[in-house]
Amino acid sequence: MTSPFIWLQHALPHHLVSRGAGKIASSRTPWLKNLLIRRFIDAYDVDMSEAARSIEQFASFNDFFTRELKPGARPLADGSTQILSPADGAVSQIGRIEQGRIFQAKGRHFTAAQLLGGDEQLARKFDGGNFATIYLSPRDYHRVHMPAAGTLDHATYVPGELFSVNQVTAENVDGLFARNERLACVFEGPDGTFASVMVGAMIVAGIETVWSGLIETHNPELVRADYAPGQHSFSAGDEMGRFILGSTVVLLFEPGKVEWSAGLKAGDSVRMGQAIGRRLG
């Protein structure tokens, strides 16, 4: 039987709800944005001791949500030998890409090709490789960083729905991460081709990248942007983007390039910059 929570998500106009939330969250009215920020901090027990700015210094709720941290708050593991967590959050699932399929939860899978917007040729590169899905809860730091060094090859905005991405939804909505709106960022580096896919969710009002700024989300068309070799190069741990209210990051690596840390499993908490695996190259 479908739970009321899942039924409600199917029934709600995802994009309309998210646009409305986005307008409120972008308000610069001091009393409103301060009220929203304080209520959010209390509701989700946000650790403000790590934040680089105080409540009054944020221009809007969105500015608070994408807050930067104090220098040194997230020490980086050695990117020359390790794969780094791209974000604060919890491991939703982690493992191997088998016959093109990525495990979601409780017998549910989606394919790498679906996740990447139908790019079968690119998806074949990852068959037999490794994936990690990391869920960012509302209280987490919401900037996304590079898991490894790489040069941006292309980024594809894939239109879709905006289901919640928590564990309950993952266990009850088929192909969740390949159904939601997302931005698939593909890099070339010492670890071969790898992808960092930023997946939107209910109430996600936008996705930003450091190379193009705010992505035009809630768009019905698939949009791919290609970049010249070396145009945008990053070291492991560099910031690559941020969520404005959201969500989940899915990492994809080619076969024989990385090995996940022993014992790392679904449900484990991770922090941006910590080692979640090792490079094999």
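Residues numbered from 1 in each chain as written. Predicted model: local features only at pLDDT ≥ 70, side-chain atom pairs only at ≥ 80, totals over all residues. Heavy atoms only, no water.

Caption draft 1: Examining the layout of surface pockets more closely. Approximately 240 Å³ is the volume found for the second largest pocket. Lining of the second largest pocket is provided by 17 residues; of these, Arg74, Asp88, Arg139, Asp140 and Tyr141 occupy positions nearest its centre. Only strand E2 (89–96) and strand E17 (269–270) provide two or more residues apiece to the lining of the second largest pocket. A breakdown of the residues in the lining of the second largest pocket according to their chemical character gives six nonpolar, three polar and eight charged. (1 Å grid on protein atoms, 1.4 Å probe; cavity = no way out; pocket = protein on both sides within 12 Å on 5 of 7 lines; lining within 4 Å. Points joined across faces, edges and corners; volume = space filled by probe spheres on them. Helix = DSSP H or I, 4+ residues; strand = E, 2+ residues; numbered from the N terminus. Nonpolar A, V, L, I, M, F, W, Y, C, P; charged D, E, K, R; others polar.)

Caption draft 2: Seen up close, the pairing of strand E7 (residues 150–158). Across the nine residues that make up E7, a large majority, eight, are buried. Here E7 pairs with strand E13 (residues 233–234) via two bridges, running antiparallel. Looking across to E13, one finds that Gly150 is bridged to Phe234. Pairing between E7 and strand E8 (residues 182–189): seven bridges, direction antiparallel. Within E8, the residue paired with Tyr157 across the bridge is Leu183. Sheet topology places E7 next to strand E12 (residues 223–226); four bridges connect them, and they run antiparallel. The residue of E12 that forms the bridge with His154 is Asp226. (Buried < 20%, exposed > 50% of the residue type's maximum accessible area, 1.4 Å probe, protein only. Pairing = 2+ DSSP bridges.)

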